[in-house]
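Fold and geometry: a report
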Amino acid sequence: MYKKYDKSRFSPEQEKISISEFRCDYQRILRSLYFRILHTKTQLIPFPHNHNLRNRLIHSLEVNEIAEIITERVNNHLLKNDLPTIDLNLIHAATFAHDIGHLPFGHSAERSLDNIMKCFGGFESNAQTIRIVTEESHNVTLRTVAALLKHKNVIPLKREEEANLIKGYYQESSIFVNKILQTYNQPVIEEYIIELADDISNAIYDIKDMVGFFSRNQFANILNSNTILSLILEGITSNPNYKNIDNLERIINCLFNEIKDNFLEDFLSGQISRERYALNKIVIEFIDSLEFYINPAKPYYSKIQLPLHSSLKLAILIQITKICFLKNDINLKFEIRIDDYIKRIFNFLFFDNHKNRGSDTNMRQLYTCTLKP
């Protein structure tokens, strides 16, 4: 039996948190039902029982691997400055927990359930993750939850009917989140690590799933279509972070050709050794390009980020997934079926069976436990 820890007693000034406490966080997440059912949940392609395609559990393991490498690089910089290093147990706990709030069928199901739940403030996967890890059964430290707190705004209980999905945390998590924000008034270094590892994993390994789904030749044909570059440019220029960059079209054109020549050519070769080499090489390229901003006074507020060139390269890979699969007619048909599935289960749980009706909190809990493929 684990000792119950008082989460409120941790603060940035108490950096000498023993390894055993983050180890306990890691073990609680590892043994959690929510973590164990990740293998039934969609990562990109909604066929969770097809072993050729990744699920949320495999994705979490990939994020953990990338986060470990990034943490090693960060720790090297911290050691050079004689500063405390990041505990890998904390990274393991956060990476394994970062997607446990996701529904089966990925973001398609999230959008459907959010639309149904608008009168209760909606449903958002990261908010659900925060709610789960702050349950008494998990009882993880503030620092671990801080690494998962991507959005610092509370989701209102009521919102306009036409309003889109709102990212944040639920009001029921406010007491715990307020403790985090009082203790850590800036993002902690682990948040940057987890988010970057997640982005790299999504950008690269989702392409692997698409190749497995479509076939190499079909995927190559989509990439070589006349419209692909203009669609990539349209998607990236809609991001306010990239709008005012000089010669953006020329830069994206060069980077897209670089991705095709230096990554996709090996990746689509049909040779397993070349495919593995291409995947490992591009992951390391992203990590090697990282920029470090060490805060000697408060090392837990140190930052990492990709330089513009690498950030745009990552954005291009993400756009390739959006264009080739997410906006593809095949996936749009999947989304219609998923939306119908979510609605029918919701109606069965909360209208056809009156015993299961409850508050918005109970609804979220019941959905997390029952909405499985």
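All of these numbers come straight from a predicted model, not from anything done at the bench.

Reading the values: rules and limits
- Residues numbered from 1 in each chain as written.
- Predicted model: local features only at pLDDT ≥ 70, side-chain atom pairs only at ≥ 80, totals over all residues.
- Heavy atoms only, no water.
- Helix = DSSP H or I, 4+ residues; strand = E, 2+ residues; numbered from the N terminus.
- Buried < 20%, exposed > 50% of the residue type's maximum accessible area, 1.4 Å probe, protein only.
- Contact = heavy atoms within 4.5 Å.
- Areas by Shrake-Rupley, 256 points an atom, 1.4 Å probe, with all protein chains shown as cover.
- Phe/Tyr/Trp six-rings, centres within 6.5 Å; stacked < 30°, edge-to-face > 60°.
- Axes fitted to C-alpha atoms, helices over the stretch in contact; angles between N-to-C directions.
- Parallel < 35°, antiparallel > 145°, perpendicular 65-115°, else oblique.
- Left-handed = near helix turned anticlockwise from the far one by under 90°.
- 1 Å grid on protein atoms, 1.4 Å probe; cavity = no way out; pocket = protein on both sides within 12 Å on 5 of 7 lines; lining within 4 Å.
- Points joined across faces, edges and corners; volume = space filled by probe spheres on them.
- Expected span 1.5 Å × (residues − 1).
- Bend = angle between axes of the 7 residues up to and from the residue.
- Salt bridge = Lys/Arg side-chain N within 4 Å of Asp/Glu carboxyl O.

1. Section: the overall build of the chain
Check the secondary structure of the chain and you find 16 helices and 2 strands. Counting every position in the chain, which comprises 373 residues, the buried fraction comes to 52%. By sequence separation, contacts in the chain at least 24 residues apart represent 73% of the contacts at least 6 residues apart. Just so you have it, the chain exposes about 17800 Å², and 50% of that area is on carbon and sulfur atoms.

2. A closer look at the side chain of Ser108
Mapped onto the secondary structure, Ser108 falls in helix 5 (residues 106-116). For Ser108, a relative accessible area of 11% translates into the label buried. For Ser108, the residues in contact, after removing those within four places along its chain, are Glu335 and Ile338.

3. Overview of the packing of aromatic side chains
Per the stated rule, a full pass over the model turns up 10 aromatic pairs. Residues Tyr184 and Tyr300 carry aromatic rings whose centres are separated by 6.1 Å and whose planes lie at 80° to one another, so their mutual orientation is edge-to-face. Taken together, the positions of Tyr184 in the loop between helix 8 (174-183) and helix 9 (189-214) and Tyr300 in the loop between strand 1 (291-293) and strand 2 (303-305) put the pair 116 residues apart, joining distant regions of the chain. Each member of the pair, Tyr184 as well as Tyr300, is classed as buried. Consider the rings of Phe213 and Phe325, whose centres lie 5.7 Å apart with planes at 85°: the pair is edge-to-face. One end of the pair, Phe213, is in helix 9; the other, Phe325, is in helix 14 (residues 308-326), and 112 residues separate them in sequence. The class of Phe325 is buried, set by a relative accessible area of 0%. By the ring-pair criterion, three or more aromatic residues cluster together here, those being Phe213, Phe214, Phe325 and Phe334.

4. Digging into the packing of helix 9 against helix 12 (residues 248-267)
At a minimum axis separation of 12 Å, helix 9 and helix 12 run at an interaxial angle of 40°. Viewed along their axes, helix 9 and helix 12 adopt a mutual orientation that is oblique. Crossing of helix 9 over helix 12 shows right-handed handedness. Across from Ile204, Ile207, Lys208 and Val211 in helix 9, the residues of helix 12 making contact are Phe263, Leu264 and Phe267.

5. As for the layout of surface pockets
Estimated volume of the second largest pocket: approximately 290 Å³. Residue lining of the second largest pocket: 16 residues in total, with His51, Asn52, Leu53, Lys208 and Asp209 positioned closest to the centre.

6. Some words on helix 12
If you check helix 12, its first and last C-alpha atoms are 26 Å apart, about what 20 residues at 1.5 Å a residue would give, namely 28 Å. Within helix 12, the axis deviates most sharply at Lys260, by approximately 35°. Residues of helix 12 that are buried include every one of Leu248, Ile252, Leu255, Phe256, Ile259, Phe263, Leu264, Asp266 and Phe267, and no others. Looking at the packing, one finds that the buried side of helix 12 touches helix 9, helix 10 (216-223), helix 11 (228-237), helix 13 (272-288) and helix 14.

7. Describing the pattern of salt bridges
Evaluation of the coordinates by the stated rule reveals 18 salt bridges. Note that Asp99 is salt-bridged to Arg56, the shortest N-O span being 2.8 Å. Separated by 43 residues along the polypeptide, Asp99 in the loop between helix 4 (88-97) and helix 5 and Arg56 in helix 3 (residues 56-80) bring together distant segments of the chain. Just as Asp99 is buried, Arg56 falls in that class too. Here Glu275 makes a salt bridge to Arg216, at a shortest N to O gap of 3.7 Å. With Glu275 in helix 13 and Arg216 in helix 10, this residue pair connects regions lying 59 residues apart in the sequence. A residue is classified by how much of its surface remains accessible, and Glu275, at 12% relative accessible area, is buried. When its relative accessible area of 34% is taken as the criterion, Arg216 is described as partly exposed.

These figures come from the coordinates and say nothing about function on their own.
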